[in-house]
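# Fold and geometry: a report
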Amino acid sequence: MKNLMSKIISLSKRRGFIFQSSEIYGGFSSCYDFGPLGVKMKNNIKEVWWDDMIKNHENIVGLDAAILMSPRVWEASGHLTAGFADTLVECKSCHKRFRADEIKKQGKDRGGTAPKVCPECGGELTKPRKFNLMMRTFVGPVEEKAAVSYLRAETCQGIYVNFENVLNSMRLKIPFGIAQIGKAFRNEITPKDFIYRTREFEQMEMQWFCHPKKATKYFNFWVKERIRWYQNLGIKKKNLRIKEIPKKELPHYAKKGIDIEYKFPFGWREIEGIHNRGDFDLSNHSKYSGKDLRYFDEETKEKYFPYIVETSGGVDRSFFVFLVDAYQEIKGGRTKTTKPTKEVEILLKLHKKLAPIKVAILPLVRNKPELVKKAKEVYQMLKPYFRSQYDELGSIGRRYRRGDEIGVLYAMTIDFDTLKNDDVTIRWRDSMEQIRVDIKKLSEVLKQLLADEIEFNKDDKLIKTLSKQTLF
Ligand code: ATP
């Protein structure tokens, strides 16, 4: 689709999904704020991930570790040394900095080699040099070397240093996993592409501790599981792929790794990494802390450093993926009228678990107090149980479209028949099908519709029984 990125950015701002940070001050590079709908959707993503990890899998527990940690953690993890540095080149005239690997990729994409001059102004570039991505801060009132600390660059280190605490307090046995969602910070050289690469972002990571001999089996298992997660939430198969990371490009801690990539409007890019980290983390933290973090197997009497298989995804990147994948434009309008219209209607076909608003309650017109009163009653009735929105402004068609644009699943109209029969029309976002439902049964019908497997289908027996069987 032409200009998809600018359309997504504009919809995000217009409808309260994502705003630029500090916008009234001209913005703050690469930082974004999630608006009223954005925060709901982001929480939905996190909830679905959390539930999938903790409820659907056995032996996974949660953790919420602090962002600030002992700087020794980052020495042990390799983040303060060569391990966590990108190579950058700088333009000698405009002083813009670029990641050397990105410049190389740009050259390759154009069928040549890496450009030797600045892609922005044509100026001369410096030789490549290493640039550490850790964000530094000071802890305590004195800004001195001893007070230097770091905003965590990845959430998983909080998991490794708590390995023993979690193991003992929960009386776990290997294999088991620890899941965590939280903020991470990286001083990225070239943050770009909206919320794809930012300096502050959220990760959802699960670290699976297992016997070294089983690591390959679990690695393959988790790759499948994570692909399944994206597909179950509606991401189109054709837009997902797995990229195996060649040995020489693997991060310093990994024995094997793949990226799950998504086809963004700007090309195929990573959305999640899955790695077999071997015993790198636990053995290094043992070495640096002096604590023996080996696991003792009571049955086999074996003592060993468990291997770790990690699934490391970004909340913001998945948010972006779900928006892009759900975005559709229907030229000429969705409703078939006799006159062709020039209108382009937007339909955000978000999965029902992710949609920020599930139900809209709409009085047919707003200048009839009895309709407004009834609609508000229905709204109050549903609000505690379903993410609902009351909307009375504009024609009913316009209100349906406003709902479609933000992915509202079910819109219900309170009309004159409602006053007579105490029932409402429910319209489904995706097919625009409608059913008539008794107000008394409304909560039950919505509960069924929002349940995991059920799709809206006016021929569905269940819906028929629950509704008044007066289908349109
Ligand atoms: P990239 O190659 O894009 O810099 P990475 O390989 O360094 O990513 P990981 O360290 O594997 O990324 O981080 C795991 C996940 O965290 C990524 O797949 C992504 O979803 C998310 N992530 C990492 N860096 C950023 C960032 N700067 N902005 C937003 N999300 C990020």
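Refer to the preceding data block for the structure.
Scope of this entry: the structure provided in the associated data block. Counting restarts for each chain, with residues numbered from 1 along the sequence as it is written. In view of the model being predicted, local features appear only for residues whose pLDDT reaches at least 70, and side-chain atom pairs are presented and counted only at 80 or more, with totals across whole chains, interfaces and linings using the full set of residues. Calculated side-chain values reflect all of the structure's heavy atoms, with hydrogen atoms and water omitted.

Below, the discussion takes up helix H7 (residues 215–232). Secondary structure is summarised from DSSP: a helix means a run of H or I of at least four residues, a strand means a run of E of at least two, and numbering begins at the N terminus for each. What a helix should span is 1.5 Å times the count of its residues minus one. The end-to-end C-alpha distance of H7, which contains 18 residues, comes to 25 Å, matching closely the 26 Å that a straight helix rising 1.5 Å per residue would cover. Relative accessibility thresholds used throughout: buried, under 20% of the residue-type maximum; exposed, over 50%; partly exposed, between the two (1.4 Å probe, protein chains only). Every buried residue of H7 is listed here: Ala215, Tyr218, Phe219, Trp222, Val223, Glu225, Arg226, Ile227, Trp229 and Tyr230. Just past H7, the residue Gly234 takes up positive phi, approximately 95 degrees.

To continue, consider the site of the ligand. Put simply, a residue is near a molecule or strand once any heavy atom of it comes within 4 Å of that molecule or strand. Surveying the vicinity of the ligand reveals 16 residues, the closest of which are Glu188, Arg197, Thr198, Glu270 and Ile271. A 3.5 Å cut-off defines polar contacts: any pair of N or O atoms within that distance qualifies, except that in protein one atom must be a possible hydrogen donor and the other a possible acceptor, and neighbouring residues in sequence count only when both atoms are side-chain atoms. At 3.4 Å, a backbone N or O of Glu272 approaches an oxygen atom of the ligand. When the free accessible area of the ligand is taken as 590 Å², the share hidden by the protein chains comes to 86%. Sorting the residues of the shell around the ligand by element identifies strand S10 (200–210), strand S13 (267–276) and strand S16 (307–314) as the ones contributing at least two each. A total of four residues in the shell around the ligand trace back to one element, the largest contributor, which is S13. Areas reported as accessible are Shrake-Rupley estimates using a 1.4 Å probe. Residue values count occlusion only from the protein chains shown.

Right, let's talk about the packing of helix H2 (residues 36–54) against helix H9 (residues 315–326) for a bit. The N-to-C vectors of H2 and H9 enclose an angle of 110 degrees; their axes lie 10 Å apart at closest approach. Looking at the two axes, H2 sits roughly perpendicular to H9. Contact residues: Gly38, Met41, Lys42, Ile45 and Lys46 in H2; Val315, Asp316, Ser318, Phe319, Phe322 and Leu323 in H9. Looking at the contact of H2 with H9 residue by residue, the class counts come to six nonpolar, two polar and three charged. Between the N-to-C directions of two axes lies an angle of 0 to 180 degrees, each axis being a line fitted to C-alpha atoms and, for a helix, fitted only over the stretch in contact. Between 65 and 115 degrees an angle is taken as roughly perpendicular, under 35 as roughly parallel, over 145 as roughly antiparallel, and anywhere else as oblique. In this description, contact between two residues means that some pair of their heavy atoms is separated by no more than 4.5 Å. When residues are grouped by polarity, Ala, Val, Leu, Ile, Met, Phe, Trp, Tyr, Cys and Pro land in nonpolar, Asp, Glu, Lys and Arg in charged, and all others, Gly among them, in polar.

Now for unusual backbone geometry. A cis amide bond links Ile174 with the next residue in sequence, Pro175, at an omega value of 10 degrees. Relative to the helices and strands, Pro175 is located in the loop between helix H6 (163–169) and strand S9 (176–185). In this structure, Asn3 is a non-glycine residue whose phi angle is positive, near 55 degrees. By the secondary structure assignment, Asn3 is in the segment before helix H1 (4–14). Here the phi dihedral of Arg171 falls at roughly 50 degrees; this positive angle occurs in a residue that is not glycine. Along the chain, Arg171 turns up in the loop between H6 and S9.

Turning our eyes to something else, we now look at the side chain of Asn44. Mapped onto the elements of the fold, Asn44 is located in helix H2. Asn44 gets classed as buried once you look at its relative accessible area, which sits at 7%. Looking at Asn44, its side chain comes within polar contact range of the main-chain oxygen of Leu354, at 3.0 Å. Setting aside its immediate chain neighbours within four residues, Asn44 contacts Lys353, Leu354, Ala355, Pro356, Lys358 and Arg387.

As a further point, take the packing of aromatic side chains. The pairing test for Phe, Tyr and Trp rings, Trp by its six-membered ring, is centres within 6.5 Å, and the orientation test on the planes gives stacked under 30 degrees, edge-to-face over 60, and tilted for anything in between. Taken as a whole, this structure holds 20 aromatic pairs when the rule is applied. Between Tyr295 and Tyr304 the ring centres are 5.7 Å apart and the planes differ by 70 degrees, which places this aromatic pair in the edge-to-face class. Chaining the aromatic ring pairs together yields one cluster made of Tyr32, Phe194, Tyr196, Tyr262, Phe264, Phe266 and Phe320. Above the ring of Phe34, the side-chain terminus of Lys42 is found at 4.2 Å from the ring centroid. Put simply, a charge is over a ring when the Lys NZ or the Arg CZ is close to the ring centre, within 6 Å, and near the line of the ring normal, within 35 degrees.

For helix H8 (residues 280–289), the complete set of buried residues consists of Asp281, Leu282, Ser283, Asn284, His285 and Ser286. Among the structural elements, helix H3 (71–77), helix H5 (156–161), H6, S10 and S16 are those in contact with the buried residues of H8. Just past H8, the residue Gly290 takes up positive phi, approximately 80 degrees.

Another point: the sheet that holds strand S3 (residues 60–63). As summarised here, the arrangement of the seven strands in space is S3-S9-S10-S16-S13-S12-S11, forming an open sheet in which the pairing is mixed. Each edge of the open sheet carries a strand with a single partner, namely S3 and strand S11 (240–244). Averaged over neighbouring strand pairs, the angle between their axes works out to 25 degrees when direction is ignored. Pairing of strand S12 (residues 256–264) with S13, which is carried by nine bridges, proceeds in the antiparallel orientation. Paired with Ile258 across the bridge in S13 is Ile274. Here H7 sits on the sheet in contact with S3, S10, S11, S12, S13 and S16, set at roughly 145 degrees to S13. In this analysis, strands are considered paired if DSSP registers two or more bridges between them.

This part takes up the sheet that holds strand S20 (residues 388–390). Judged by pairing direction, the sheet is mixed, and its five strands sit side by side in the order S20-S19-S21-S22-S23 without closing on themselves. A strand with exactly one partner marks an edge of an open sheet, and here the two such strands are S20 and strand S23 (434–438). Strand-to-strand twist across the sheet, computed as the mean angle between neighbouring axes with direction ignored, equals 25 degrees. Pairing analysis gives five bridges linking strand S22 (residues 423–428) to S23, with the strands arranged antiparallel. What sits directly across from Thr425, in S23, is Arg436. In the packing of helix H13 (residues 442–450) onto the sheet, the strands contacted are strand S19 (359–363), strand S21 (410–414), S22 and S23, and the crossing angle to S21 comes to about 160 degrees.

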